[in-house]
Each structure stands twice: as C-alpha cells, then as structure tokens.
Amino acid sequence: MNALSQRFHECIKALCAQEKVRSLRQFALSLDYLPENFVNILPLLHDSHDLVHKACKMYNIRMPYLLTGEGDMFNEEKSAKEFRVLTIVTDKQNEERIVHVPIPAQAGYVSDMADSTFYSELPTYSLPDYRFSQGTHRSFDVSGDSMEPRLADGDTVVCSFIEPSQWLHGIKDDHIYVIATNTDVIVKRVNNELRKNRSLYCISDNDSYRPFHLAAESIREIWFVRLRIAAFNHGKYTSPLEQILQHQDETIHEQQEMIRFLKQTIEKFSPMSNTMG
C-alpha cells in the first residue's frame, strides 16, 4: 500500500470513528464502488484516481493531506456545514425518544439545530412499534395543502433519520421525505438527482404547486416518512370508487332535473299548447 493509500485509509477510519460512515463497505457503496472492487483498488490509489476525487468532494477530505500527510485530514469549515451534529433526547433508561417538532417550532428548528436547550423544550414520546425501536426518529406537523390528498394540513408524520452519507443511495424516488433546509422545513415527494446534478427534485401531490430542484448545499437534514398520524373522522367511510359512483349519481340526477325543466318549458311555449289553452 503506497503512502497516499495509507493516508486515505486513515481518513476512512477517522470517518468511521466520527460515525459519518458505519463501515468500509458503506464508504465504498456511497462512492458507487462495489466493496470487493474497492478493496482491490485501495492499495494502488493515486492523486488523479476518480475514487480519490469523489471521496474528497463528498467527505471533505483535504487533498494536501493525502499527498503530503501535513495539516488536517478534513476541511473543517466545510465538514461542519455538511455533517451537522444530530441532537437526540433520551429517557432515564438511556433509550432514545421521538422528538416532535410542531409547526410553531419549525422556524427555530432550522436555526437552532445544535442547541440542546431548544430540543429540551420540545415534546418527546415513544411508540410501541418495532420500526421505531432502533435508530433516530422525529415527527413533524404538516403545514398547508401542498401534499393533499396524501397528507393534509395538521397531519403529523413520524420519520427516520437519513444520514448524509446515505443520501446518494438511500433516498428513494417517488417517496415522501421531510427536508430541513437552511431556512425551512418542507414535506415533499422526492426524486433523487444528487448523482446527476447534486439536487433533489421535490414534487407536491397537489398539482397546484409546481415541482422544483433543491440544491444539496441548502439541505441540512433529511427524514424518511414512515407513519402518518391524522385526526379521526367519525363519519362513514366512503371508498374512492364509492365517491366516484356517488358523484355520477348526483350528476345524472341533476341532468334529469334539467331535462324535465326544459321539457316543461318547451311544452309551455309550443303553439299546440297555446291553441289548446
């Protein structure tokens, strides 16, 4: 293994220690390399190799460190922006709680992400569902009608945290995510275009809202929506098909009434009816 490869491997170990990647395998996959190929390439790396440039760009590894071994491994200023400390809340048994972010707190959420005092003031809870027994989860209130009919204003979505190192491969097309940007918290259906143009294509289920691209540089957190909590409606459930049929019946009834009215009008003003009168 040459000197550059050794320093590159040290960077990977540092990323694992900082929990920015979980393993060598995950690191390889995040850079579009099969783990078995990555292991063969690693000892023979050089400064112009595509793998090196991808890793430096995605994980903020400093090329001068790889070449000379001098200075910091990472660009600290960019690393702090790209990888933010995720604050978690635990109970007395040291089990992680689900933090709920209501609409009034969402503006503060994006500006005070690293402020533990802010999180301590948010409500927390747990759910008896195996999906939420491991990992970090958070719930957000939905604001507005942009995701109707799937999500309504006032609904709550419970989500799982997507680590930045998993964004490239872990974000699924046509799935709904909560995205915390530099200025806002949004809920959108997403197409993953990070590899293509370093952005997410965000789509509203309500066709009144136009889709848009969200640059990766403006994204601070991504949460995968797993559960919807909505107000209970005591009215009788009507399936979509029943709603269509009911609407058709109402339309037919209205048309029949209109035909009846037109027929009466024609009969009233026809010459024969006037003569008989």
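Thresholds applied
Residues numbered from 1 in each chain as written. Predicted model: local features only at pLDDT ≥ 70, side-chain atom pairs only at ≥ 80, totals over all residues. Heavy atoms only, no water. Pairing = 2+ DSSP bridges. Helix = DSSP H or I, 4+ residues; strand = E, 2+ residues; numbered from the N terminus. Contact = heavy atoms within 4.5 Å. Axes fitted to C-alpha atoms, helices over the stretch in contact; angles between N-to-C directions. Buried < 20%, exposed > 50% of the residue type's maximum accessible area, 1.4 Å probe, protein only. Arc of directions from axis to C-beta. Parallel < 35°, antiparallel > 145°, perpendicular 65-115°, else oblique. Left-handed = near helix turned anticlockwise from the far one by under 90°. Nonpolar A, V, L, I, M, F, W, Y, C, P; charged D, E, K, R; others polar. Salt bridge = Lys/Arg side-chain N within 4 Å of Asp/Glu carboxyl O. Disulfide = S-S within 2.5 Å. Patch = residues over 30% accessible without salt bridge, like charges linked within 9 Å, V, L, I, M, F, W, Y side chains within 5 Å. Areas by Shrake-Rupley, 256 points an atom, 1.4 Å probe, with all protein chains shown as cover. Core = buried A, V, L, I, M, F, W, Y, C linked by side-chain atoms within 4.5 Å. Phe/Tyr/Trp six-rings, centres within 6.5 Å; stacked < 30°, edge-to-face > 60°.

*Asks:* Which residues make up the sheet that holds strand β4 (residues 156-162), and what values go with them?
*Replies:* Pairing in this open sheet of 9 strands is mixed, and the strands run β2-β1-β3-β4-β9-β5-β6-β7-β8 from one edge to the other. In the strand order of this sheet, the two ends are held by β2 (124-125) and β8 (212-215), each with one partner. Against the sheet, helix α7 (residues 103-111) touches β1 (98-101), β3 (137-141), β5 (175-181), β6 (185-193) and β9 (219-229), its axis set at about 130 degrees to β3.

*Asks:* So what's going on with helix α4 (residues 50-59)? Residues and values would help.
*Replies:* The α-helix advances 3.6 residues per turn, and as a result positions three or four apart in sequence lie on the same side. For α4, every residue scored as buried is listed here: L51, V52, A55, C56 and Y59. Down the axis of α4, the buried set is contained in an arc of 130 degrees. They therefore lie on one face. Summarising the contacts, the buried residues of α4 are in contact with α1 (3-17), α2 (24-30), α3 (35-41) and α5 (63-68). Immediately downstream of α4, the backbone of N60 shows phi near 60 degrees, a positive value.

*Asks:* I'd like a rundown of the packing of α1 against α4, residues and numbers included.
*Replies:* The description of two helices packed together rests on the angle between their axes and the distance between the axes. Where α1 meets α4, the closest approach of the two axes is 12 Å, and the angle between their N-to-C directions is 30 degrees. Taken together, the axes of α1 and α4 lie roughly parallel to each other. The handedness of the crossing between α1 and α4 is left-handed. Together, L4, F8 and L15 of α1 and L51, V52, A55 and Y59 of α4 make up the contact between the two elements. Residue composition of the contact of α1 with α4, by class: 7 nonpolar, no polar and no charged.

*Asks:* Tell me about the pattern of salt bridges, and please be specific about residues and values.
*Replies:* Counted by the stated rule, this structure contains 11 salt bridges. A cluster of three or more residues bridged by salt bridges with shared partners is formed by D32, D50, K54 and R195.

*Asks:* Tell me about the state of the cysteines, and please be specific about residues and values.
*Replies:* One pass over the structure, following the stated rule, counts 0 disulfides. Among the cysteines around C56, which has no disulfide bond, C11 carries the closest sulfur, lying 7.7 Å off. No disulfide involves C202; its nearest neighbouring cysteine sulfur is the one of C159, lying 14 Å away. Taking relative accessible area as the criterion, C202 reaches 1% and is therefore assigned buried.

*Asks:* Give a description of a nonpolar patch on the surface that names residues and reports values.
*Replies:* On the surface, M258, F261, L262 and I266 cluster together into a nonpolar patch covering about 460 Å² of accessible area. Along the chain, I266 falls in helix α11 (residues 240-269).

*Asks:* Kindly report on the nonpolar core, identifying the contributing residues and their values.
*Replies:* By size, the foremost hydrophobic cluster in this structure holds 24 residues, and its most contacted members are F8, F27, F38, I61 and L66. Residue assignment for this core shows that the elements contributing at least two residues are α1, α2, α4 and α5. Per-element tally for this core: the top contributor is α1, with 6 residues. Residues in contact with L66, not counting those within four places in the same chain, are L4, R7, F8, C11, V52, C56 and I61. Counting 22 residues, the second-largest nonpolar core is a separate cluster that includes A105, L122, V157 and V225.

*Asks:* Now, about the packing of aromatic side chains: what can you tell me, with residues and values included?
*Replies:* This structure, assessed with the given rule, holds 9 aromatic pairs. With centroids separated by 5.0 Å and ring planes inclined at 55 degrees, the aromatic side chains of F161 and W223 adopt a geometry described as tilted. Of the two residues, F161 is situated in strand β4 and W223 in strand β9; the sequence distance between them amounts to 62 residues. Considering the side-chain rings of Y177 and F224, the 5.3 Å spacing of their centres and the 50 degrees angle between planes classify their relative orientation as tilted. Within this pair, whereas Y177 is found in strand β5, its partner F224 is found in strand β9, the two being separated by 47 residues in sequence. The exposure class assigned to Y177 is buried, which follows from its relative accessible area of 0%. A network of ring pairs unites the aromatic residues Y109, F118, Y119, F140, F161 and W223 as a single cluster.

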